[in-house]
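Geometric and topological summary
The residues making up each chain are set out below.
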Amino acid sequence: MSGALAHTNIYTEEDYYNLPEDVRAELIDGQLYYMAAPSRIHQEILNFMNTEINIYLRSKKGPCKVYPAPFAVKLFSDDDRNVVEPDISVICNPNKLTDQGYIGAPDWIVEITSPTTSSHDYVHKLKLYMDAGVREYWIVNPIDQSVYVYFLEENKFKTTAYTLQDKIKVNIYDDLWIDFAELERV
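Presented here is an overview of the structure given in this document. Here the residue index of a chain counts from 1 through its sequence in written order. Selection of residues for local features in this predicted model requires a pLDDT of at least 70, selection of side-chain atom pairs for listing and counting requires 80 or more, and totals for whole chains, interfaces and linings are taken over all residues. Remark: hydrogens and water are excluded; side-chain values derive from all non-hydrogen atoms of the structure.

**Thoughts on the side chain of Asn-82**
Position of Asn-82 relative to the elements: it lies in the loop between strand 4 (72–74) and strand 5 (88–91). Within the structure, the side chain of Asn-82 is placed 2.7 Å from the backbone nitrogen of Asp-29, a separation counted as a polar contact. Polar contacts, as used here, are pairs of N or O atoms within 3.5 Å; protein pairs need one atom able to donate a hydrogen and one able to accept it. Residues neighboring in sequence count only if both atoms are side-chain atoms. A distance of 2.6 Å separates the side chain of Asn-82 from the side chain of Asp-79, its partner in a polar contact. We call two residues in contact whenever any of their non-hydrogen atoms come within 4.5 Å of each other. With near-sequence residues (within four places) excluded, Asn-82 lies in contact with Leu-27, Ile-28, Asp-29, Val-73, Lys-74, Leu-75 and Leu-128. Numbering goes from the N terminus for both helices and strands, where a helix is a DSSP run of H or I of at least four residues and a strand is a run of E of at least two.

As structure tokens, this is what we get:
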């Protein structure tokens with residue numbers, strides 16, 4: 001009996017874009033991770049944050065726009081083994097937008113965790129986003145009522161923890177705060 005290892009398929013960007021339209025997945029380090037339908041609270045948080053960010057960005061009349069999932073982000077132009085779909089992507093460089101999504105590091109990414117995605121959000125994506133140069137990354141966890149804010153300083157993330165009752169300053173903007181106390185919970 002040989003000591004052969006099990007063969008794992010390595011998927012590429014081409015495989016990702018050839019998935020059926022009704023299938024949501026992310027490609028991380030050559031592996032496809034299928035995503036289940038989000039929970040109601042996930043969608044409430046997503047809608048609340050997307051609205052707050054969009055109102056702020058529209059008032060500034062600048063180049064930045066907010067893109068909620070599903071929205072494909074290829075973090076590295078020369079890497080065909082990673083395409084993610086952050087819950088929220090704030091993008092200030094319209095030159096990197098494509099018909100399929102975005103190529104490069106968004107300025108700000110928000111991920112809202114679920115029990116099935118938390119290890120990706122806290123470990124795999126955290127490293128990918130830091131390596132890609134995402135300036136700010138928030139992990140919102142509705143289960144433990146926490147918000148972790150990662151702000152890129154000198155190629156490393158500085159982390160601050162909050163709760164879903166806090167008013168949190170967005171580091172990449174001088175005057176944007178997200179007040180989670182305003183989030184209506186049913």
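**Looking at the environment of Val-140**
Tracing the backbone shows Val-140 in strand 8 (residues 136–141). When the C-alpha atoms of Val-140 and His-42 are compared, they prove to be 9.2 Å apart, with 98 residues separating the residues in sequence. Excluding residues that lie within four positions of it along the chain, Val-140 makes contacts with Ile-45, Met-49, Val-110, Glu-111, Ile-112, Thr-113, Ser-146, Val-147, Leu-164 and Phe-180.

**Comments concerning the environment of Pro-63**
Structurally, Pro-63 can be placed in the loop between helix 2 (40–60) and strand 3 (65–68). Counting along the chain gives 30 residues from Pro-63 to Asn-93, while the straight-line C-alpha distance between them is 6.9 Å. Look past the residues within four positions of Pro-63 in its chain and what remains in contact with it is Ile-91, Cys-92 and Pro-94.

**Considering helix 2**
One fewer than the residue count of a helix, multiplied by 1.5 Å, yields its expected span. If you check helix 2, its first and last C-alpha atoms are 30 Å apart, about what 21 residues at 1.5 Å a residue would give, namely 30 Å. Contacts from the buried residues of helix 2 go to strand 3, strand 5, strand 7 (108–112), strand 8 and strand 12 (177–179). Lys-61, located one to two residues past helix 2, shows a positive phi value of around 55°.

**Things to note about helix 3 (residues 118–132)**
Side chains of residues three or four places apart in an α-helix project in the same direction, reflecting 3.6 residues per turn. With 15 residues, helix 3 should cover 21 Å at 1.5 Å per step; its first-to-last C-alpha distance of 20 Å lies within 8% of that length. Working definition for bend: take the seven residues up to and ending at a residue and the seven starting at it, fit an axis to each, and measure the angle between the axes. Taken as a whole, helix 3 carries its principal kink of about 40° at Lys-125. Buried within helix 3 are the following residues: His-120, Asp-121, Lys-125, Leu-126, Leu-128, Tyr-129 and Ala-132. Looking at the buried positions of helix 3, the neighbouring elements they touch are strand 1 (25–28), strand 2 (31–34), strand 7, strand 8, strand 9 (146–153) and strand 10 (156–163). Once helix 3 ends, the next one or two residues include Gly-133, with phi positive near 95°. Residue exposure (1.4 Å probe, protein chains only): buried if accessible area is under 20% of the type maximum, exposed if over 50%, otherwise partly exposed.

**Regarding the state of the cysteines**
Only a pair of cysteine sulfur atoms within 2.5 Å counts as a disulfide in this structure description. Inspection of every chain in the model, using the stated rule, returns one disulfide. Paired through a disulfide, Cys-64 and Cys-92 show a sulfur-sulfur distance of 2.0 Å. One disulfide, between Cys-64 and Cys-92, carries an S-S torsion of 110° and so falls in the right-handed class. On the criterion of sequence distance, the pair formed by Cys-64 in the loop between helix 2 and strand 3 and Cys-92 in the loop between strand 5 and strand 6 (101–103) is long-range, its members being 28 residues apart. What makes Cys-64 buried here is its relative accessible area of 15%. Under the relative-accessibility criterion, Cys-92 is labelled buried at 18%.

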